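Descriptive analysis of the structure
Here is what each chain is made of, one letter per residue.
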Amino acid sequence: MSLLLGTTITVSSNHWMMAWTGLEINTLAIIPLISKSHHPRAIEAATKYFLTQAAASTLLLFSSMTNAWFTGQWDITQLTHPTSCLLLTTAVSIKLGLTPFHFWFPEVLQGSSMTTGLLLATLMKFPPTALLILTSPSLNPNLLTTMAIASAALGGWMGLNQTQIRKVLAFSSISHLGWMTIILLYNPKLTLLTFYLYCLMTSAIFLALNTTKITNLATMMTAWTKIPPLTTTLMLALLSLAGLPPLTGFLPKWLIIQELTKQEMTPVATTIALLSLLGLFFYLRLAYCATITLPPNSSNHMKHWQTNKSVHILITTLISLSILLLPLSPMIFTTT
């Protein structure tokens, strides 16, 4: 309830103090969820998350106070002072995990459970993204473009040598944040559409991984013995998150590249499209391990011939949407 309350306060506020209050409620609400397993890794992740988010919230409050000192305005949309704009961009980048402030995110996600990791990768990103959209007319385009390209590059590059699935999904999140940020100034609605579709695909993958108890590449190789149909559709969801053309994940990348070309930013569009190939490589490796590769040793898992079908209704719905939404793209884009 506190997570929903904090998100609602931040998204619906016009005053910087209310936005900061919502962010603080969010931070304090997620910390018990991260540390509830009482494992040293979880406590470490909760500590890293608290210190990082507290520093970012303080920087955001300092930015808004600086703007109010020089302009007399506490309205979120009236951020006009250059120093305040720079500080706000830094604070929100720390909260989101954009490059070069990304160091905390993979470690925190690795120390959390799958359900908490899902909240960190989706719901907790929404308030900072909303603040970026509200202040987008005042932000520096060159800075945002540089950070976006760096995030897409680092998310793809660092994901190549990971064996832990949560770290792979963390670097995937950083890469997708780069795609959202690069189009923010030119088409904020497209940023929101990209965020919604990213949340849809990530939710499907996290819930499927939680059901099959997959944590790394080794367990992914033996997951097909548990629930073969779910593992197969998980492969398709991973390829959709990679942005392969017949699947839903291709839609936001297609529209972003099209919009960048309209803005006469063809070199930027070409660069970020080529950088997405790095991410495509490790998604293909995950899909390959999930469905084609057999482990060198025999599996100890018993095959579940009869599973609880009611548990998988939500996962089935989410995976179906994350695979099959591309034919509905004209309707989705016109409604946004």
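Computed from a prediction, not measured in an experiment: that's the story for all the values here.

Here we look at the domain arrangement of the chain
Per the domain assignment, the segments of the chain are domain 1 (1-114 + 127-133) and domain 2 (140-335). The partner domain 2 presents 26 residues to the 21 residues of domain 1 that form the contact. Surface buried jointly by domain 1 and domain 2 totals about 2,100 Å² across both partners, of which 75% is contributed by carbon and sulfur atoms. When the buried area of domain 1 at its contact with domain 2 is split by residue, T99, Q110 and M114 rank highest and sum to 34% of it. Along the contact surface separating domain 1 from domain 2 lie one salt bridge. Taking the shortest distance from any N to any O, the salt bridge between K167 and E107 comes out at 3.4 Å. Run the count over domain 1 and domain 2 and you get four residue pairs in polar contact (both at pLDDT 80 or more). Mapped by element, the contributors of at least two residues to the side of domain 1 that touches domain 2 are α4 (82-96), α5 (104-110) and α7 (126-134). When the residues that make up the side of domain 1 that touches domain 2 are grouped by side-chain class, the tally is ten nonpolar, nine polar and two charged.

What to know about α4
Its 15 residues place the ends of α4 21 Å apart at the C-alpha level, agreeing with the 21 Å of an ideal helix rising 1.5 Å per residue. For α4, the set of buried residues is S84, C85, L87, L88, T89, A91, V92, S93, I94, K95 and L96. Summarising the contacts, the buried residues of α4 are in contact with α2 (16-35), α3 (40-71), α5, α7, α8 (141-158) and α9 (165-182).

Cut-offs used in this document
- What you see as residue numbers is a count from 1 along each chain, following the sequence as written.
- Per-residue local features are limited, in this predicted model, to residues with pLDDT of at least 70; the limit for side-chain atom pairs, both in listing and counting, is 80 or more; totals at the level of whole chains, interfaces and linings are taken over all residues.
- Calculation of side-chain values draws on the structure's entire complement of heavy atoms; hydrogens and water are dropped beforehand.
- Here the bounds of each domain stem from an automatic or database domain assignment.
- Contacts are residue-level and defined by heavy atoms, with any inter-residue pair within 4.5 Å sufficient.
- Summed over both partners, the accessible area lost on bringing two parts together, with a 1.4 Å probe, is the buried area.
- What counts as a salt bridge is simple: a side-chain nitrogen of Lys or Arg found within 4 Å of a carboxyl oxygen of Asp or Glu.
- We call two N or O atoms a polar contact when they sit within 3.5 Å, provided that within protein one can donate a hydrogen and the other can accept it, with sequence-adjacent residues counted only if both atoms are side-chain atoms.
- The secondary structure listing takes helices from DSSP runs of H or I that are at least 4 residues long and strands from runs of E that are at least 2 residues long, numbered from the N terminus.
- The classification used treats Ala, Val, Leu, Ile, Met, Phe, Trp, Tyr, Cys and Pro as nonpolar, Asp, Glu, Lys and Arg as charged, and all other residues, Gly among them, as polar.
- Any helix carries an expected span of 1.5 Å times its number of residues minus one.
- Throughout, exposure labels follow a simple rule: accessible area from a 1.4 Å probe, protein chains only, divided by the maximum for the residue type, with under 20% read as buried, over 50% as exposed, and the rest as partly exposed.

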